[in-house]
Amino acid sequence: MNAIIDHSGQLAHGLFLTLAMTICGFACALALGVLLAVLLISPVVPMRTLASVYVAVFRNIPLLVWLVLFVFGLPEIGLLYSLLTTVTVAMALYWAAFICEVIRSGVRTVPPGQIEAARALGFRFIQILRHLVLPQATRSMVQPLGNIFIALTLNTSLAAAVGVRELTGEAQVFTIRYDIPIPIFAVTTAIYVLMTLTGGLVTGRLERKLAINR
Amino acid sequence: MNTEANTLFDVPGPRGRRRIRIATALSLVAIGALALLAVHRFADHGMLAADQWRMFAQWPTIRFLLVGVQATVVVTAVAAAIAFPLGALVALARLSRSRYLHWPARAYVEIFRAIPILLLLYVFLFGLPRLGLTLPTFWQLVVPIVASNSAVIAEICRAGILALDRGQSEAAYSLGMTYRRAMHLVVIPQAVRKVTPTLVGQLVRLLKDSTLGYVVSYIELLHQAQVLGEYYHIVLPAYLVVAAVYVAINMALSRLAHRLENGTGLRVRRTRKTSDTARARLISPFLRRTR
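Cut-offs applied
- Residues numbered from 1 in each chain as written.
- Chains lettered and ligands numbered in written order.
- Predicted model: local features only at pLDDT ≥ 70, side-chain atom pairs only at ≥ 80, totals over all residues.
- UniProt positions renumbered as here; feature names shortened; annotations may be inferred.
- Helix = DSSP H or I, 4+ residues; strand = E, 2+ residues; numbered from the N terminus.
- Expected span 1.5 Å × (residues − 1).
- Buried ≥ 20, exposed ≤ 12 C-beta atoms within 10 Å, placed from the backbone.
- Contact = placed C-beta atoms within 7 Å.
- Core = buried A, V, L, I, M, F, W, Y, C linked by C-beta atoms within 7 Å.
- pLDDT = per-residue confidence, 0-100.
- Nonpolar A, V, L, I, M, F, W, Y, C, P; charged D, E, K, R; others polar.
- Axes fitted to C-alpha atoms, helices over the stretch in contact; angles between N-to-C directions.
- Parallel < 35°, antiparallel > 145°, perpendicular 65-115°, else oblique.
- Left-handed = near helix turned anticlockwise from the far one by under 90°.

- The name an unreviewed UniProt entry assigns to chain B is Amino acid ABC transporter permease, from the organism Actinoallomurus vinaceus.
- Its UniProt record gives chain B the following Subcellular location (unreviewed entry) comment, quoted word for word: "Cell membrane".

- Per an unreviewed UniProt entry, chain A goes by the name Amino acid ABC transporter permease and belongs to Actinoallomurus vinaceus.
- Under the UniProt heading Sequence similarities (unreviewed entry), the entry covering chain A gives this text: "Belongs to the binding-protein-dependent transport system permease family. HisMQ subfamily."
- Word for word, the UniProt comment on chain A under Subcellular location (unreviewed entry) is "Cell membrane".

Take a look at the structure:
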């Protein structure tokens, strides 16, 4: 246990990397996911095909395959960036496909009759989106987006497999260097549980805040 | 046109149609440019040369990768065969009214859902050997996958059971069924049909988790690709080929999920049609008792 306290700075750095990857990855994935969902709903056929192919390809290839492909494959065609950037980008691209699906099914929860009614009342497309579709779709998207956030948090640990020394990577280093397997795994587990619990709590709060009181 | 577009937009008029045509042309140009850029990049670094790809048409390479596919399938199948029943049992334990079943099950689910699977794997790979317990490579890979996935499966099953209309179990109780009988005859059969597609989706996740064999050096597909790529210096082509194989396998699984969704739907309807006599037979002893 003393070794953990002595080297808590190292562990904190690992935690910092995990949090940085989680937050940057989720922000980028959210932006790209929204863009993909817009393309998927748009009336332009090639864009729609592009988005649906993207979603099919990225969802069906395991994240670890993406990570090794990006980290060890891309330098072969001259695309070499810092390890952390590469890993974060790979994660953002992977999770964007899932976020796109969540947004699409969120939009689908809005009954078509309401949209038709709004059009009959003379609402323009932007007005329909702003006053009708987005408020209702957001509510049904909070829970699944929260789940994706938690899954992304846990999956940042896969970066350890390609050599990023984030929380899980540090746990491995501590085990090998200081020979304290059980305490370090207990501590890292506790940190991960704390992170997922916080994620769940924030999601629940948001959901209650956005809910309509009937 | 897909349904979203139909409901979100008006049917486009002449100006709208022209705009869509322009956007279509522009997007085609953009996609073409992107594809050209990618091909250019690959060609620049000699990635389109035949000797980078020739390997994948030769039988020894194909056999080498097929061994990987087989190992991936075996890991997935064994892990699924343990994780699914275990998950279902944990779900039942969590729903049970006994404190001694409920709390351990709840703790199991909450903890194993919150631990990244790689961390669990490291426990088995680096942690336990220090304490003198070394599992064979295969189980070092399978046990963490089972632990993590069974917790998720338990949550799926529990959600499926809870999502069932309360009236169903209440009706069963009012007919004098015990908790076990009501679960067995009324609740579980309906819940199973409801969660089957989600469970097949979980199978896809389980298959994705088998790529962690890369970390423990088990001979599954991703590890085979790594070995192949590093041995022949065809890292990028090897990973790309393997990625395509994963897409093929997972798409087949997703299609199976769709088929099951429709298939079980049919079965529900069919049983409903023929079930009048069955229901009468089921209810009659209870009716007789009340009379």
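## Overview of helix 9 (residues 181-210) of chain A
Then, in step 1: An ideal rise of 1.5 Å per residue puts 44 Å on 30 residues; helix 9 of chain A measures up with 43 Å between its terminal C-alpha atoms.
Then, in step 2: Those residues of helix 9 of chain A not exposed but buried are Pro181, Ile184, Phe185, Thr188, Tyr192, Met195, Thr196 and Gly199 of chain A.
Then, in step 3: On its buried side, helix 9 of chain A packs onto helix 1 (2-6), helix 7 (125-155) and helix 8 (167-178) of chain A together with helix 5 (99-114) and helix 6 (117-130) of chain B.

## Looking at the UniProt feature "domain: ABC transmembrane type-1" (unreviewed entry) in chain B
Then, in step 1: Feature annotation in UniProt places "domain: ABC transmembrane type-1" (unreviewed entry) on residues 69-257 of chain B, given in this structure's numbering.
Then, in step 2: Between the C-alpha atoms that bound residues 69-257 of chain B the distance is 21 Å, and the span itself is 86% helix and 0% strand.

## Quick look at the nonpolar core
Then, in step 1: Val65 and Leu67 of chain A are the most contacted members of the largest nonpolar core, which totals 119 residues.
Then, in step 2: Per-element accounting of this core gives the leading share, 14 residues, to helix 5 (residues 83-108) of chain A.

## Notes on helix 4 (residues 63-73) of chain A
Then, in step 1: The buried count for helix 4 of chain A comes to 10 of 11 residues, which makes it a mostly enclosed element.
Then, in step 2: Where helix 4 of chain A is concerned, the buried positions are Leu63, Leu64, Val65, Trp66, Leu67, Val68, Leu69, Phe70, Val71 and Gly73 of chain A.

## Regarding the environment of Leu128 of chain B
Residue and element names in this part refer to chain B.
Then, in step 1: Assignment of secondary structure puts Leu128 in helix 6.
Then, in step 2: For the pair Leu128 and Leu253, spaced 125 residues apart in sequence, the C-alpha to C-alpha distance is 34 Å.
Then, in step 3: Dropping the residues within four chain positions of it, Leu128 is found in contact with Val123 and Leu133.

## Describing the confidence of the model for chain B
Residue and element names in this part refer to chain B.
Then, in step 1: In this model, chain B carries a mean pLDDT of 84, and residues with pLDDT of at least 70 account for 88%.
Then, in step 2: Mean pLDDT in chain B bottoms out at helix 1 (residues 3-8), which sits at 59, and peaks at helix 4 (residues 59-95), which reaches 93.
Then, in step 3: Of the regions scoring below 50 in pLDDT, residues 268-274 engages in 1 contact with residues more than four places distant in sequence or in other chains.
Then, in step 4: Note on the complex model: pTM 0.86, ipTM 0.86.

## Notes on the environment of Ala154 of chain B
All names here are of chain B.
Then, in step 1: One can find Ala154 in helix 7 (residues 137-163).
Then, in step 2: Take Ala154: there are 27 C-beta atoms within 10 Å of it, and that puts it in the buried class.
Then, in step 3: Separated by 61 residues in the primary sequence, Ala154 and Ala93 have C-alpha atoms spaced 9.5 Å apart.

## Topic: the UniProt feature "transmembrane region" (unreviewed entry) in chain A
Residue and element names in this part refer to chain A.
Then, in step 1: In this structure's numbering, the residues bearing the UniProt feature "transmembrane region" (unreviewed entry) are residues 15-41, 53-73, 79-100, 145-164 and 184-204.
Then, in step 2: Between the C-alpha atoms that bound residues 15-41 the distance is 38 Å, and the span itself is 100% helix and 0% strand.
Then, in step 3: Spanning residues 53-73, this segment combines 90% helix with 0% strand, and its end C-alpha atoms are found 21 Å apart.

## Quick word on the interface of chain B and chain A
Then, in step 1: The interface of chain B with chain A comprises 45 residues on the first partner and 46 residues on the second.
Then, in step 2: Mapped by element, the contributors of at least two residues to the side of chain B that touches chain A are helix 1, helix 2 (14-44), helix 5, helix 6, helix 10 (213-216) and helix 12 (235-290) of chain B.
Then, in step 3: The greatest single-element share of the side of chain B that touches chain A, amounting to 9 residues, is contributed by helix 12 of chain B.
Then, in step 4: For the side of chain B that touches chain A, the residue count by class is 33 nonpolar, 7 polar and 5 charged.

## Some remarks on the packing of helix 2 (residues 8-41) of chain A against helix 3 (residues 45-60) of chain A
Residue and element names in this part refer to chain A.
Then, in step 1: At a closest axis distance of 7 Å, the pairing of helix 2 and helix 3 adopts a crossing angle of 130°. Between helix 2 and helix 3, the angle is such that the two are oblique. The chirality of how helix 2 crosses helix 3 is left-handed. Residue-level inspection shows Leu36, Leu39 and Leu40 of helix 2 in contact with helix 3, the latter providing Met47, Arg48, Leu50, Ala51, Ser52, Tyr54 and Val55.
Then, in step 2: Partitioned by chemical class, the residues of the contact of helix 2 with helix 3 number 8 nonpolar, 1 polar and 1 charged.

## A look at the UniProt feature "transmembrane region" (unreviewed entry) in chain B
All names here are of chain B.
Then, in step 1: The positions UniProt marks with the feature "transmembrane region" (unreviewed entry) are residues 22-42, 62-95, 107-128 and 231-249.
Then, in step 2: The span residues 22-42 carries 100% helix and 0% strand; its end-to-end C-alpha distance comes to 30 Å.
Then, in step 3: Counted over residues 107-128, helix gives 91% and strand 0%. Its end C-alpha atoms are 22 Å apart.

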